[in-house]
Amino acid sequence: VSELEFSVPEEIDVIITFTKAKDNWQLADKFRRCVASLVKHSSVMLAFHIIGDKDSQQIAEKILKEVDSGTAAKHRVVHLDIDTMAKELHSIVLPMQKYFSYKPGSYYSDSLFFLSAAIHRVVPETMHRVIMLDADLKFREDIAKLYQKFNDFKEHNVIGIAYEGQPVYRHTFWKYRQENPSTRVGDPPPKGLPGFNSGVLLLDLHRMRNSKHYNSLINEQVLEEQTKKYSFKGHLGDQDFFTLISIEHEELFYVLPCNWNRQLCKYWRDKGYESVFDLYFKCEGPIYVYHGNCHTPIPED
Ligand code: UPG
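> Looking at this structure, I do not really get the site of the ligand. What am I missing?
Residues in close proximity to the ligand total 16 residues, the closest being Thr17, Thr19, Ala135, Asn197 and Cys294. At 2.7 Å from a nitrogen atom of the ligand is found a main-chain nitrogen or oxygen belonging to Thr19. In this structure, an oxygen atom belonging to the ligand sits 3.0 Å away from a side-chain N or O atom of Asn293. Computed on the free molecule, the ligand has an accessible area of 660 Å², of which 76% lies beneath the protein chains in the complex.

> Mind showing me how you'd approach the layout of surface pockets here?
Rolled over the atoms, a probe as big as a water molecule pinpoints where empty space is left. Looking at the largest pocket, its volume works out to about 1,500 Å³. Along the wall of the largest pocket there are 49 residues; nearest its centre are Phe113, Asp134, His235, Leu236 and Gln239. The set of elements that each furnish at least two residues to the lining of the largest pocket consists of helix H1 (25-41), helix H4 (115-118), strand S4 (129-133), helix H6 (168-172), strand S7 (196-204) and helix H11 (238-248). Here the lining of the largest pocket is built from residues that sort into 19 nonpolar, 20 polar and 10 charged.

> Would you take a moment to explain the state of the cysteines for this structure?
Following the criterion strictly, the structure yields 2 disulfides and no others. Note that Cys258 is cross-linked by a disulfide to Cys283, the S-S spacing being 2.1 Å. Handedness of the Cys258-Cys283 disulfide follows from its S-S torsion of about 95°: it is right-handed. Of this pair, Cys258 sits in the loop between strand S8 (253-256) and strand S9 (262-263) while Cys283 sits in the loop between helix H12 (274-281) and strand S10 (289-291), and the two are 25 residues apart along the sequence. Since its relative accessible area comes to 29%, Cys258 is described here as partly exposed. The class for Cys283 is buried, based on a relative accessible area of 14%. Covalently, Cys265 is tied to Cys294 through a disulfide, its sulfur atoms 2.1 Å apart. Since a negative S-S torsion denotes a left-handed disulfide, the Cys265-Cys294 link at about 100° is right-handed. Of this pair, Cys265 sits in the loop between S9 and H12 while Cys294 sits in the segment after S10, placing them 29 residues apart in sequence. Residue Cys294 is classed as partly exposed on the basis of its relative accessible area, which comes to 43%. Taken in sequence order, the bonded cysteines of the protein chain link in the pattern 1-3, 2-4. Residue Cys34 stays outside any disulfide, its sulfur separated by 17 Å from that of Cys294, the closest cysteine.

> How should the sheet that holds strand S5 (residues 137-139) be read in this particular structure?
Within a sheet, neighbouring strands are paired by backbone hydrogen bonds and run either parallel or antiparallel to one another. Read from one edge of the open sheet, 3 strands run S5-S10-S9, paired in mixed fashion. Looking at strand neighbours, the two that pair on one side only are S5 and S9, the edges of this open sheet.

> What am I meant to see in the side chain of Asn157 here?
Within the secondary structure, Asn157 sits in the loop between helix H5 (143-147) and strand S6 (159-163). Judged by its relative accessible area of 5%, Asn157 falls in the buried class. Among the polar contacts made by the side chain of Asn157, one reaches the main-chain carbonyl oxygen of Phe253 at a distance of 3.4 Å. Beyond its immediate sequence surroundings of up to four residues, Asn157 is in contact with Arg207, Glu251, Leu252, Phe253 and Tyr254.

> Looking at this structure, how should I read the confidence of the model for the protein chain?
Low-confidence regions, as indicated by low pLDDT, have predicted coordinates that should not be scrutinised in detail. Chain-level pLDDT for the protein chain is 94 on average; 95% of the residues reach the 70-or-more range. Across the protein chain, the secondary-structure element scoring lowest on mean pLDDT is helix H3 (residues 82-100), at 92, and the one scoring highest is S6, at 99. Confidence metrics for the complex model read pTM 0.95 and ipTM 0.93.

> Please explain the nonpolar core as it appears in this structure.
Proteins that are soluble and globular tend to have nonpolar side chains buried together. Grouped together as the largest cluster of nonpolar side chains are 56 residues, with contacts concentrated most on Ile159, Tyr214, Phe241 and Phe242. Residue contacts for Phe242: discarding those within four places in its chain leaves Ser116, Ala117, Ile159, Ile161, Phe196, Leu201, Tyr214 and Phe253. Counting 39 residues, the second largest nonpolar core, distinct from the first, contains Val8, Leu64, Val200 and Val289.

> Please explain the pattern of salt bridges as it appears in this structure.
Working definition: two side chains of opposite charge can pair if their charged atoms are close together. Evaluated as defined, the whole model comprises 17 salt bridges. The salt bridge involving Glu220 is made with Lys98; its shortest N-O contact spans 3.3 Å. Here the residue Glu220 occupies a position in helix H10 (residues 220-229), and Lys98 occupies one in helix H3, the gap between them amounting to 122 residues. Given a relative accessible area of 34%, Glu220 falls into the partly exposed group. Counted as one network, the salt bridges with shared partners bring together Arg129, Asp204 and Arg207.

Procedures and definitions
- Residues numbered from 1 in each chain as written.
- Predicted model: local features only at pLDDT ≥ 70, side-chain atom pairs only at ≥ 80, totals over all residues.
- Heavy atoms only, no water.
- Near = heavy atom within 4 Å.
- Polar contact = N/O pair within 3.5 Å; in protein donor to acceptor, adjacent residues only side chain to side chain.
- Areas by Shrake-Rupley, 256 points an atom, 1.4 Å probe, with all protein chains shown as cover.
- 1 Å grid on protein atoms, 1.4 Å probe; cavity = no way out; pocket = protein on both sides within 12 Å on 5 of 7 lines; lining within 4 Å.
- Points joined across faces, edges and corners; volume = space filled by probe spheres on them.
- Helix = DSSP H or I, 4+ residues; strand = E, 2+ residues; numbered from the N terminus.
- Nonpolar A, V, L, I, M, F, W, Y, C, P; charged D, E, K, R; others polar.
- Disulfide = S-S within 2.5 Å.
- Buried < 20%, exposed > 50% of the residue type's maximum accessible area, 1.4 Å probe, protein only.
- Pairing = 2+ DSSP bridges.
- Contact = heavy atoms within 4.5 Å.
- pLDDT = per-residue confidence, 0-100.
- Core = buried A, V, L, I, M, F, W, Y, C linked by side-chain atoms within 4.5 Å.
- Salt bridge = Lys/Arg side-chain N within 4 Å of Asp/Glu carboxyl O.

Structure (C-alpha cells):
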C-alpha cells in the first residue's frame, strides 16, 4: 500500500502569490525556483493559480512553460479573474486591512494580501482543499505528502499553518505581555503561542465555509475588540489575522510542523532578542520546504 494512498487527489490546487513582478527579476527568480522545485518532487498533477496583476500572471505563465518541459503534463495553469476577486474580497477584508497593514484600505489589489483569510467566499464552491504558498519557497519533498497533513486536522481545525520562526509576535505583543506576565501569548513553542507564518497554508475551504465560528471572526467589531484587548498593531497581512484570532481560538488551527515551512529570516535576532531567538528559530529534523523570507538566500542542496 502506497503511503500516499489515503486521500490525496489526482491533482492538487496550488495558489501562489506573485504580484508586482514586472521589472522585479529577483521575485521572478524566486518564483522560478519555487515552481521548479514543486514540479520536480511532485507525484501528482499540479494546478497552479497565480494571484497577481496581469503582467505578473503573464510572467508566471512564461516561467511555468519553461519549467521542466520534459514532464510538461505534470502541471497546468488555472486562469483566475483577479480583478473581480479583488473587488469581492475588498469589502470582506476591509476591517482586517485596518489593523494588519501599513496602508489601511487603499487599493483593491492590496486586499489580495488577505486572500487566504476569506478565500472560501470568493472562489467556486467546488474547490475543497488548496495549498497556498509564498513565492520564496523551495520544496525538497513531494507536495502530496504536505497535502496528506489535511488528514491530521482535528475536528475544529479549518486551516493548517506553521508557527512563526522569529520572535516577531513577542515584539508585537510586548505591551500585553508586560501587563500579563504569565501569558502564553508571544511565548516560544511548544508551550507558548508564538504566532503564525503564512508562507505555507493548508486551507480546507469546505471547513472554512461551514465554520460559523471562523466566519464570525471576520468581523469589524470582533477585530476592533481583539486588537484593543491585546494592544495589537501589525503589518504582515493574513498572518497577523490568523495570529490574533488564534489566541482565543486555537482549535481553529492545525499547527503545521516547522519542517514544512523552514523560515530562514534572522532579522529579529539582533534587535534585542538574542537570548530568546533560538527558541523560536530552531527546527529539528529533515527540512521539506525552505522559506527564504526577508530575502534570505536558500541553501543550494
Ligand atoms: N509578494 C509578491 N510581490 C511583491 C511582494 C510580495 O508577489 O511585490 C508575495 C511573494 O509570494 C512573497 C510573499 O508575497 O514570497 C511575501 O512577501 P515578502 O515581501 O517576501 O515578505 P517576507 O518578509 O519574505 O515574508 C514575511 C513572512 C511571510 C508573509 C509576509 C507577509 O515570512 O510568510 O507572507 O512576511 O508580508
